[in-house]
Amino acid sequence: GSPPGALTTRLSTLPATGDLPDSPTMQTVRFEHMVDGTPEDYDLIGRELAEHKANHLTDHILDTLKAMAGPLLGYQVDRFQHCLQSATRALRNGEDDEMVVAALLHDVGDPIAPENHSAVAADILRPYVSDRTHWIIRHHGLFQGYYYFHHLGADRDAREAFRDHEWFDDCAAFCEEYDQNCFERNHDTMALEEFEPMVRDLFSRDSRFPLPQTTLA
């Protein structure tokens, strides 16, 4: 696979010959096969990625969240309003900004990964949040099953496999207070714009993981 940013090369800046001009300021990398890359090439990619992340990452995430607006999928509110309710409850309950953002984004994986949305949301957050927050979001889908798995012929107590984990109670509380109860049609829900500064602040953080760990984070 390619590292993040390797596909952002701006080919339109290349001359018609396909050769880059000699210039101290490179617009694109010189290689077409990654094995031919130089430290200067990968330094360029790193700078481009950092700039792109700073300018666009939060917008991409918020756009994915907003994509859940509309379809009810059988619920009384759409998934976008569900997430706003979750974040609203977390904020008003005194949670720190990190957990409020995690509540806002706990289902952000739904549009692209409905079968494993917990894992997707957790991994989006993981470079920027604590291990505890990541664990809660990663496992919330299973813990949420306590409220409905038995209606579908599955084991509502499947989460008991994690009973001895240090964050079992935290994840159970998250689902009780910020998930299973966040489908109210007339809830006094805060607007997304009120959470946006927290989201931008969180995703402006440096990743907790250096190379090569960041590729597996």
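Residue numbers restart at each chain and count upward from 1, following the sequence in its written direction. It should be noted that, the model being predicted, local features are given only for residues of pLDDT at least 70 and side-chain atom pairs only at 80 or more, the latter also being counted only at that level, while totals for whole chains, interfaces and linings use all residues. Side-chain numbers come from the whole structure's heavy atoms, not from hydrogens or water.

Engineer: Even after reading the chapter, I still don't get the pattern of salt bridges, so can you show me in this structure?
Structural biologist: Pairing between side chains of opposite charge can happen when their charged atoms approach one another. Definition used for salt bridges: Asp or Glu carboxyl oxygen within 4 Å of a side-chain nitrogen of Lys or Arg. Within this structure, the stated rule accounts for 13 salt bridges. For the salt bridge of arginine 47 with aspartate 43, the shortest nitrogen-to-oxygen distance reads 2.3 Å. Note that arginine 47 and aspartate 43 are positioned in helix 1 (residues 39-66) at a spacing of four residues, about one turn of the helix. Per-residue accessibility, obtained with a 1.4 Å probe over protein chains only, is compared with the maximum for each type, and a residue is labelled buried under 20%, exposed over 50%, and partly exposed between these values. By relative accessible area, which is 46% here, arginine 47 ends up partly exposed. With its nearest N and O atoms 3.5 Å apart, the salt bridge here joins aspartate 188 to arginine 92. Separated by 96 residues along the polypeptide, aspartate 188 in the loop between helix 6 (168-178) and helix 7 (192-203) and arginine 92 in helix 2 (residues 79-92) bring together distant segments of the chain. For arginine 92, a relative accessible area of 49% puts it in the partly exposed group. When salt bridges that share partners are traced, they join Asp59, Glu196 and Arg200 into one network. Every helix listed is a DSSP run of H or I at least four residues long, and every strand listed is a run of E at least two residues long, numbered separately from the N terminus.

Engineer: I would appreciate a short explanation of helix 7 in the present structure.
Structural biologist: Here, expected helix span is obtained from the residue count minus one, scaled by 1.5 Å. The first and last C-alpha atoms of helix 7 sit 16 Å apart over 12 residues, in line with the 16 Å expected at 1.5 Å per residue. Along helix 7, the positions that sit buried rather than exposed are Leu192, Phe195, Met198, Val199, Leu202 and Phe203. What you see down the axis of helix 7 is that its buried residues fit within an arc of 125 degrees, all on one side. What points out from helix 7, more than 90 degrees from its buried face, is the exposed set Glu193 and Pro197. By definition, residues are in contact when any of their heavy atoms lie within 4.5 Å. Those residues of helix 7 that are buried are in contact with helix 1, helix 2, helix 3 (97-105) and helix 4 (117-125). Directions from the helix axis toward the C-beta atoms define the arc.

Engineer: Teacher, can you tell me more about the state of the cysteines here?
Structural biologist: Structurally, a disulfide amounts to a covalent bond that connects the sulfur atoms of two cysteines. Whenever a pair of cysteine sulfur atoms sits within 2.5 Å, that pair is classed as a disulfide. Across all of its chains, the model carries zero disulfides by this definition. As a non-bridged cysteine, cysteine 83 has cysteine 182 as the owner of its nearest cysteine sulfur, 9.0 Å distant.

Engineer: Can you help me understand the nonpolar core in this one?
Structural biologist: When a protein is soluble and globular, its nonpolar side chains tend to lie buried together. We call a set of buried residues a nonpolar core when its members are Ala, Val, Leu, Ile, Met, Phe, Trp, Tyr or Cys and they connect through side-chain atoms within 4.5 Å of each other. If you look at the biggest cluster of nonpolar residues, it comprises 40 residues, and the most contacted ones within it are Leu65, Leu104, Leu105, Leu125, Ile137, Phe174 and Phe203. Of all elements in the fold, only helix 1, helix 2, helix 3, helix 4, helix 5 (131-144), helix 6 and helix 7 reach the threshold of two or more residues within this core. Per element, the largest residue contribution to this core is seven residues, and it comes from helix 3. Those residues within four positions of phenylalanine 174 in sequence are excluded, and the remaining contacts are Ser86, Met99, Ala103, His106, Ile136, Ile137, His140 and Asp179.

Engineer: What is the right way to look at helix 4 in this model?
Structural biologist: Quick reminder: α-helices carry 3.6 residues per turn. Residues three or four places apart thus point the same way. Those residues of helix 4 not exposed but buried are His117, Ser118, Ala119, Ala121, Ala122 and Leu125. On its buried face, helix 4 sits against helix 3, helix 5 and helix 7.

Engineer: I tried to follow unusual backbone geometry on my own but got confused; where do I start?
Structural biologist: Glycine aside, a negative phi is what most residues show, and trans is what most peptide bonds show. In this structure, the amide linkage connecting leucine 211 to the following residue, proline 212, adopts the cis form with an omega of 0 degrees. For proline 212, the position within the fold is in the segment after helix 7. Here leucine 73, not a glycine, exhibits a phi torsion of approximately 55 degrees, which is positive. With respect to the helices and strands, the residue leucine 73 is situated in the loop between helix 1 and helix 2.

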